[in-house]
Amino acid sequence: MAIILCYYAWIKDWFIALCGLVVLMALQEHPDIRGSVLEIPGLNFFNILLASIVLAFLANVQKKLTGWNTPVHIKAGFMIYLLVIFISILRLLLDPGDFMVWKNGGYLSLWIEYCFNPIKWIIIGMLFYCGCNTRRGVIIALGALSALYILLALQVIRYVPLSGMIDQGEALSHFGGKMIRNEIGYSRVSMAMMLSGAFWAIISTNGLSQKTIFRLGVFALAGIVLLGMALTGGRVGYITWGVVGLILCTLRWRRILPLIPVAVMVIILLFPSVKERMLMGFADISETIVTHNSENSEEIITSGRNLVW
C-alpha cells in the first residue's frame, strides 16, 4: 500500500496520497507492522511514504501546480516551532545525562525521536492546510480522518471483548489496556482521548449532505467510535467526550443536547463496568457523611496524575 501511495503522489495527486498516509496511521503502531527497513532506525514505511509525499508536494510547488499560500503568521509559528525543537535537541546532545544510558541507538535515536518525529507531525498538518483549499479537498480530508478513527475503534472492538463492559471496571481497565497496547500499539489513555474527540468530529460531517441515508450512516459510524471509546476504559476519554459534546451541542447542535443525558443513562444501565470506571475512587456520599471520613482517593481518581499536576 505504501508503494502504491508513493507512486500515486508523483503521478496523480500528492494530497490523496497524504490522506492515504493518514488512514495508514491506524496501523502504524501495530506489532506486525511496526519496525524498520533493514534494521535502520527511523527507516520505515510511514517515514518513507511521508518523505515521498513532501518531495512530490515541493515538485508541484516548483511547477506552480500547487500553491504554498499559507498566511504569514502560520509560517512564523512553524519557524518558531522548528527553532524550539532544534535548540532543545542541541541542548540534549550537549548534555544528554541519563538519556544515553537507556536509549538504544545512541545519538541517531535521539535525533529521530526528539527532532525528526516532532517535526514530521507538524509537517503533515501544514500539508493538510495546503491541500484543503477547495471543498473537494476538505471533504476528502474529513473522510480520511474519519476513516482513521473508525479503523482504530474497530481494532479496539476486535481485541477487547464486549463482555468486558459488564465486568468490573478495574478488570476492563487492566485487560483493555493490555490488549490495546499489545495488539494495536497505542496506549489505552491515548486511544480513549482520540476516540472521544473523533466521535464528535464524525458527527460534524453530518452537514455535508442532506440525504437521510448519509446522515444515518454518519450516526452509525459515530456509534462504532463511541463503542470503541467505551471499551478502552479511559476515564479521561469519557469526561472529554461529555465536555466536548456539551460545548458543541450548546453552541451549535441544541437539538442533540437532550440526547447526551439519555446516552449517559443508557451506558450506565447497560454497561456497569463503564459506570464503575467513572466512579472509581469516589466514596459513597451517605457513608462519608456518617463516618465523617472521606474515602475519596486523589491518586485513584486521577490515576496518579495528581502527583504530576
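Rules behind the numbers
- Residues numbered from 1 in each chain as written.
- Predicted model: local features only at pLDDT ≥ 70, side-chain atom pairs only at ≥ 80, totals over all residues.
- Heavy atoms only, no water.
- Phe/Tyr/Trp six-rings, centres within 6.5 Å; stacked < 30°, edge-to-face > 60°.
- Helix = DSSP H or I, 4+ residues; strand = E, 2+ residues; numbered from the N terminus.
- Buried < 20%, exposed > 50% of the residue type's maximum accessible area, 1.4 Å probe, protein only.
- Polar contact = N/O pair within 3.5 Å; in protein donor to acceptor, adjacent residues only side chain to side chain.
- Contact = heavy atoms within 4.5 Å.

Asks: What is the right way to look at the packing of aromatic side chains in this model?
Replies: Any pair of aromatic rings gets described here by the distance separating the centres and the angle formed by the planes. Tallied over the entire structure, the rule returns 8 aromatic pairs. Aromatic pair tryptophan 14 and phenylalanine 57: ring centres 4.8 Å apart, planes at 70°, arrangement edge-to-face. Of the two residues, tryptophan 14 is situated in helix α2 (residues 14-24) and phenylalanine 57 in helix α3 (residues 45-62); the sequence distance between them amounts to 43 residues. A centroid spacing of 5.8 Å and a plane angle of 70° characterise the contact between phenylalanine 15 and phenylalanine 128, whose relative ring orientation is edge-to-face. Here phenylalanine 15, found in helix α2, pairs with phenylalanine 128, found in helix α6 (residues 106-131); they are 113 residues apart in sequence, far enough to count as distant. Of the residues examined, phenylalanine 128 reaches a relative accessible area of 12% and is grouped as buried. Within the aromatic cluster, the residues linked to one another by ring pairs are Trp14, Phe15, Phe57 and Phe128.

Asks: For this particular structure, what's the right way to read the side chain of serine 196?
Replies: Along the chain, serine 196 falls in helix α9 (residues 188-204). A polar contact is formed between the side chain of serine 196 and the backbone oxygen of methionine 193, at a distance of 2.7 Å. The residues touching serine 196, leaving out its near neighbours within four places in the chain, are Met229, Gly237, Thr240 and Trp241.

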